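Residue-level structure breakdown
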Amino acid sequence: MKPEQPEPEPQGAEKAEGRPLGRRVLLGTLGLGALGVVAAPALQKGMEGFLGAVSGKDPTGLTGLLPNGGGFRYYSVTASVPNKNAENYRLTVDGLVDKPTSYTLADLRALPQTRLVKDVQCVTGWRVPGTPFEGVRLSRLLDAAGVRAKAGAVRFTCFDGAYTESLTLDQARRSDILVALRMQDKPLSHDHGGPVRLYVAPMYFYKSAKWLSGITVTEHVKPGYWEDRGYDVDAWVGKSNGRDDDPTS
């Protein structure tokens, strides 16, 4: 997932077409990232099209640190990500639950939707203010599955084949955590993690896993892709990763 921006472990990432990008390389490109949200709309539109065309051929993921439309940067930890749509998308909910479930995109759209408008803050420093996300509260899916008493965490996997994330069960049940289907009042595009992504409003954006495909209830938190590379597991905006940004939720 882009830290704008899945039970594969680091070895799963190594099997992906692109070599995963390390934290040191990512932070070393902040000079490029500073250009992100100041680009004129016409330039952003042209850049978005260019990055969409070349990102699949960029095994480093560094194209993700260039400006992109809407103030976001395209970023992926693998060289390519398959496209999913209403016909072939599935989201599984399993693990320590009484009723494992598989949702189609139509199933998710039929559930009650929640709209949140919050700032998005990346751990690399860029921020996009007032970004609308809309989707199903994660707590609703957990309740429908029937979480077992010994559960304490939730693990997320993604159909890029490499990215993972985790939250404690208490964090996952917050009202500002969504399984998001829309962003900026439009269906989630592939580049932004569509058709379905996680949205964790109060945490740095690397927690909001793109291309979401699996929700697994577990006993304990297991560090995700970027935590294995040096980022904090509890990624509260302004209270982690050595940063003092204003909170987003």
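Remember, predicted model here, so these are calculated numbers, not experimental data. (Residues numbered from 1 in each chain as written. Predicted model: local features only at pLDDT ≥ 70, side-chain atom pairs only at ≥ 80, totals over all residues. Heavy atoms only, no water.)

Before going further, it helps to spend a moment on the overall build of the protein. Broken down by element type, the protein carries 7 helices and 10 strands. Out of the 249 residues belonging to the protein, those deemed buried represent 53%. As presented, the protein carries roughly 10500 Å² of accessible surface, and 52% of it is formed by carbon and sulfur atoms. (Helix = DSSP H or I, 4+ residues; strand = E, 2+ residues; numbered from the N terminus. Buried < 20%, exposed > 50% of the residue type's maximum accessible area, 1.4 Å probe, protein only. Areas by Shrake-Rupley, 256 points an atom, 1.4 Å probe, with all protein chains shown as cover.)

Turning our attention to the pairing of strand S1 (residues 91–95). Across 3 bridges, S1 lies against strand S2 (residues 101–103) in antiparallel orientation. Each bridged residue has a counterpart across the sheet, and for Leu91 the counterpart in S2 is Tyr103. Where S1 folds back onto S2 in an antiparallel hairpin, the turn is made up of 5 residues. (Pairing = 2+ DSSP bridges.)

We now examine the environment of Ser240. Relative to the assigned elements, Ser240 resides in the segment after strand S10 (212–218). The exposure class assigned to Ser240 is buried, which follows from its relative accessible area of 5%. Sequence-wise, Ser240 and Met203 are 37 residues apart; in three dimensions their C-alpha atoms are separated by 9.0 Å. In contact with Ser240, not counting residues within four places along its chain, are Tyr204, Asp232, Asp234 and Ala235. A polar contact is formed between the side chain of Ser240 and the side chain of Asn241, at a distance of 3.0 Å. (Contact = heavy atoms within 4.5 Å. Polar contact = N/O pair within 3.5 Å; in protein donor to acceptor, adjacent residues only side chain to side chain.)

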